[in-house]
Amino acid sequence: MAKSTRTPLISGNWKMHHNHFEAIQTVQKLAYLLHKDDYEVVDVSVHPPFTDIRSVQTVLEADDTPISIGAQHCYIEEKGAFTGEVSPAMLAKLNVEYVIAGHSERREIFGETDDLINKKVQAILKWGMTPILCCGETLEEREAGGTDEKVSGQVRAGLAGLTPEQVGGLVIAYEPIWAIGTGRTATADDAQATCKVVRDVVAEVAGADAAASVRIQYGGSVKPSNAAELMAQPDIDGALVGGASLVAEDFAGIVQFRQNS
Ligand code: 13P
């Protein structure tokens, strides 16, 4: 499962931060800080709130900036009476490439279940976009030795019904909940161990080819200072970044992790 065949994906999940003016400023700065040689070795996506996506798209496409547009969430139906929801078809129309599915904040605060998340993964794929399927354990689960079981269960449920080809094109983000927004990062060894568990589950449900090509991100207090060590791990193929992605200089520092290694 040679890592060199998987281009790292560094994604900035802005969560509920930045109005559309702030979003424009942030991507303009990012476009200034990142260069052709960065994009040659790393894929980059930004996931602004829905209200910013059109503005971000306009800025990026005006200059042909190779930063992919991402979304944080979507519903599973194309259209209909679903007040407050946004459909995958609407996101596809905005040239969104990656959609996060099953972030722990969606699971814990908004009650999203494994079953709904699996339907989202399928809907995102149906509209030609790439899901970033999230998994991760709470501190209590970790301390009780339940990390592998929790993460394996979430990954198995999220991938149900997908073909091996679909699974191989996916992104899976391992985000230990206790490391999100806390400044606590999993050690590179711990993050690697759980990302390996994720890859083993993919191999079991979708075969060796899918496991070799699926990209696995680590998320949870990733910063310019720890990105290189995390990214050096054999089963870590990128990062899903929250807080540090709000500041263009910090996010660029993570994308350029090789310069710090
Ligand atoms: P932080 O980088 O702020 O810990 O957030 C991680 C995350 O949840 C990204 O989706």
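Parameters and conventions
Residues numbered from 1 in each chain as written. Predicted model: local features only at pLDDT ≥ 70, side-chain atom pairs only at ≥ 80, totals over all residues. Heavy atoms only, no water. Helix = DSSP H or I, 4+ residues; strand = E, 2+ residues; numbered from the N terminus. Rg over C-alpha atoms; globule rule 2.2 N^0.38 Å. Buried < 20%, exposed > 50% of the residue type's maximum accessible area, 1.4 Å probe, protein only. Contact = heavy atoms within 4.5 Å. Areas by Shrake-Rupley, 256 points an atom, 1.4 Å probe, with all protein chains shown as cover. Lys, Arg positive; Asp, Glu negative; His and termini not counted. Charge placed at Lys NZ, Arg CZ, Asp CG, Glu CD. Pairing = 2+ DSSP bridges. Phe/Tyr/Trp six-rings, centres within 6.5 Å; stacked < 30°, edge-to-face > 60°. Lys NZ or Arg CZ within 6 Å of the ring centre and 35° of its normal. Right-handed = clockwise from strand over helix to strand, strands pointing away. Axes fitted to C-alpha atoms, helices over the stretch in contact; angles between N-to-C directions. Near = heavy atom within 4 Å. Polar contact = N/O pair within 3.5 Å; in protein donor to acceptor, adjacent residues only side chain to side chain. Nonpolar A, V, L, I, M, F, W, Y, C, P; charged D, E, K, R; others polar.

Participant: Looking at this structure, how should I read the overall build of the protein chain?
Facilitator: When you go through the protein chain residue by residue, the secondary structure sums to 13 helices and eight strands. For 261 residues, the compact-globule estimate of 2.2 N^0.38 gives 18 Å, and the C-alpha radius of gyration of the protein chain, at 17 Å, lies within 12% of that figure. Considering only C-alpha atoms, the protein chain reaches an extent of 50 × 45 × 35 Å along its principal axes. Here the protein chain, with 261 residues, has 53% of them falling under the buried criterion. By sequence separation, contacts in the protein chain at least 24 residues apart represent 74% of the contacts at least 6 residues apart. Carbon and sulfur atoms provide 52% of the accessible area of the protein chain, an area that totals close to 11600 Å². In the protein chain, the 22 positive side-chain charges and the 36 negative ones have mean positions that sit 2 Å from each other.

Participant: Please explain the pairing of strand β6 (residues 171–174) as it appears in this structure.
Facilitator: In the case of a regular strand, side chains alternate between the two sheet surfaces. Burial along β6 is two-sided: V171 and A173 facing one way and I172 and Y174 facing the other are all buried. Here strand β5 (residues 130–135) runs beside β6; their pairing, made up of four bridges, is parallel. Across the sheet, the residue bridging to L133 is I172, located in β6. Two elements, β6 and strand β7 (residues 215–219), share four bridges in a ladder whose sense is parallel. Opposite Y174, over in β7, you have Y218 as the bridge partner.

Participant: Please clarify how the packing of aromatic side chains should be interpreted in this entry.
Facilitator: Note on aromatic pairs: each is described by the distance of the centres and the angle between the planes. Counting across every chain of the model gives two aromatic pairs. Taken together, a centroid distance of 4.9 Å and an interplanar angle of 45° make the contact between Y75 and F82 tilted. Classification of F82 as partly exposed rests on a relative accessible area of 31%. Across the ring face of F110, the terminal group of R106 is positioned such that the distance to the ring centre comes to 4.1 Å.

Participant: Where do I start with the pairing of strand β2 (residues 43–47) in this structure?
Facilitator: The buried count for β2 comes to four of five residues, which makes it a mostly enclosed element. By the bridge criterion, five bridges tie strand β1 (residues 9–13) to β2 in an arrangement that is parallel. Note that in β2 the partner of L9 across the bridge is D43. As judged from the two bridges shared by β2 and strand β3 (residues 68–71), these two strands associate in the parallel manner. Counted as the bridge partner of S45 is S68 from β3. Read as a crossover between parallel neighbours, the route from β2 over helix α3 (residues 50–62) to β3 is right-handed.

Participant: I tried to follow the sheet that holds β7 on my own but got confused; where do I start?
Facilitator: With respect to topology, eight strands assemble into a closed barrel ordered β1-β2-β3-β4-β5-β6-β7-β8, the strand pairing being parallel. Each adjacent strand pair in this sheet contributes to an overall mean axis angle of 25°, direction not counted. On top of the sheet, α3 reaches β2, β3 and β4 (96–101); it is set at about 175° to β3, its chief contact. Across the face of the sheet, helix α6 (residues 114–126) comes into contact with β4 and β5 while running at roughly 160° to β5.

Participant: Explain the side chain of S104 here, please?
Facilitator: The topology assignment puts S104 in helix α5 (residues 104–110). Judged by its relative accessible area of 10%, S104 falls in the buried class.

Participant: Would you explain the site of the ligand in this entry?
Facilitator: Near the ligand, the surroundings consist of 13 residues, among which K15, H103, G181, S221 and G243 are the closest. K15 is positioned such that a nitrogen or oxygen atom in its side chain is 2.8 Å from an oxygen atom of the ligand. S221 is positioned such that a nitrogen or oxygen atom in its backbone is 2.7 Å from an oxygen atom of the ligand. In the complex, the protein chains occlude 95% of the 310 Å² of accessible area that the ligand would expose alone. For the shell around the ligand, the per-class residue count stands at four nonpolar, seven polar and two charged.

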